[in-house]
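Below, each chain spelled out in residue letters.
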Amino acid sequence: QVQLVESGGGLAQAGDSLRLSCAASGRTLNNYAVAWFRQAPGKEREFVAGIAWNSLTDYTDSMKGRFTISRDNAKNTVLLQMNSLKPEDTAVYYCAGAQFYNSRVRKREEDYAYWGQGTQVTVSS
């Protein structure tokens, strides 16, 4: 079992940067696949970025080059560095974890068994 808590959301202006953190308790994240999803008003939850148990990463095409997912094993967290933020990035961002060990990043929300409560990111123009 693992519990996930997101933090780092807030208000930003277009072009700014934010760093989201997904902190785990109960287990270490070293052997978990972890992904960030987001849900904007009126839209379905969508995959943002993921990191496999072997640290392979993948991103939604529109976020490649702007967002970076990484592990900080010393703090038992997974980070999402978001640069060049756009108003379209406004959403609730969720951290999700799974205990599969694929060498690729899974992008479906049903692939993940453990979810945090979300953190709000609001980007103004």
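Check the entry above for the structure.
Just so you know, these numbers come straight off a predicted model, no measurement behind them. Residues take numbers from 1 onward in each chain, read along the sequence in its written order. Owing to the predicted nature of the model, reporting of local features is limited to residues with pLDDT of at least 70; listing and counting of side-chain atom pairs is limited to 80 or more, with chain, interface and lining totals taken over all residues. With hydrogens and water set aside, each side-chain value is computed from the structure's full complement of heavy atoms.

Undergrad: Talk me through the overall build of the protein chain; I want residue IDs and the actual numbers.
TA: On a plain count of helices and strands, the protein chain comes out with zero helices and eleven strands. Numbering of helices and strands runs from the N terminus; a helix is a DSSP stretch of H or I covering at least four residues, while a strand is a stretch of E covering at least two. Starting at the N terminus and ending at the C terminus, the protein chain contains elements arranged as β-β-β-β-β-β-β-β-β-β-β. Here the protein chain has a C-alpha radius of gyration of 13 Å; the compact-globule value for 125 residues is 14 Å, and the two agree. With the C-alpha coordinates of the protein chain rotated into their principal frame, the extents come out at 40 × 25 × 25 Å. Counting only residues that meet the buried cut, the protein chain has 44% of its 125 residues in that class. Carbon and sulfur atoms make up 44% of the accessible area of the protein chain, which totals about 6,400 Å². Charge counting treats Lys and Arg as positive and Asp and Glu as negative, with His and both chain ends excluded. Charge coordinates come from a single atom per side chain, which is NZ of Lys, CZ of Arg, CG of Asp or CD of Glu. A gap of 5 Å separates the mean positions of the 14 positive and 12 negative side-chain charges of the protein chain. Between the two quantities, the radius of gyration covers C-alpha atoms and the globule rule is 2.2 Å times the number of residues to the power 0.38. Summary of the burial criterion: residues with accessible area below 20% of their type's maximum are buried, those above 50% are exposed, and those between are partly exposed, where the area comes from a 1.4 Å probe applied to protein chains only. What sets the accessible areas is the Shrake-Rupley method with a 1.4 Å probe; for residues, cover comes only from the shown protein chains.

Undergrad: Talk me through the sheet that holds strand β1 (residues 3-7); I want residue IDs and the actual numbers.
TA: Each pair of strands is called paired provided DSSP finds at least two bridges between the two strands. Ordered by their spatial adjacency, four strands build an open sheet running β1-β3-β8-β7, and the pairing between neighbours is antiparallel. Of all strands in the sheet, those bounded by a partner on one side alone are β1 and β7 (67-72). For this sheet, the mean inter-axis angle between neighbouring strands, taken without regard to orientation, is 20°. Note: strand β3 (residues 18-25) against strand β8 (residues 77-82), six bridges, orientation antiparallel. Every axis corresponds to a line fitted to the C-alpha atoms, with the helix fit spanning only the stretch in contact, and the corresponding angles, defined between N-to-C directions, vary from 0 to 180 degrees.

Undergrad: Before we move on, could you go through unusual backbone geometry and cite the residues and values that matter?
TA: For S55, which is not a glycine, the phi torsion comes out positive at approximately 75°. Relative to the assigned elements, S55 resides in the loop between β5 (46-51) and β6 (57-59). One non-glycine residue, S84, adopts positive backbone phi at about 50°. The residue S84 is located in the loop between β8 and β9 (91-98) in this model. Note on S84: relative accessible area 40%, which makes it partly exposed.

Undergrad: Outline the nonpolar core, listing residues and values.
TA: Within this scheme, the nonpolar core is defined by two criteria: the residues are buried Ala, Val, Leu, Ile, Met, Phe, Trp, Tyr or Cys, and they are joined through side-chain atoms within 4.5 Å. Ranked by size, the top nonpolar core spans 28 residues in total, and within it W36, F67, L80, M82 and Y93 carry the most contacts. Here the element with the most residues in this core is β3; it accounts for four residues. Here, residues are in contact when the closest pair of their heavy atoms is within 4.5 Å. Ignoring anything within four residues of it in the chain, the contact list for M82 reads D16, S17, L18, L20, R66, F67, Y93 and V121. Core analysis: the second largest hydrophobic core is formed by ten residues, A35, A52, A98 and Y112 among them.

Function cannot be read off these values alone, since they describe shape.
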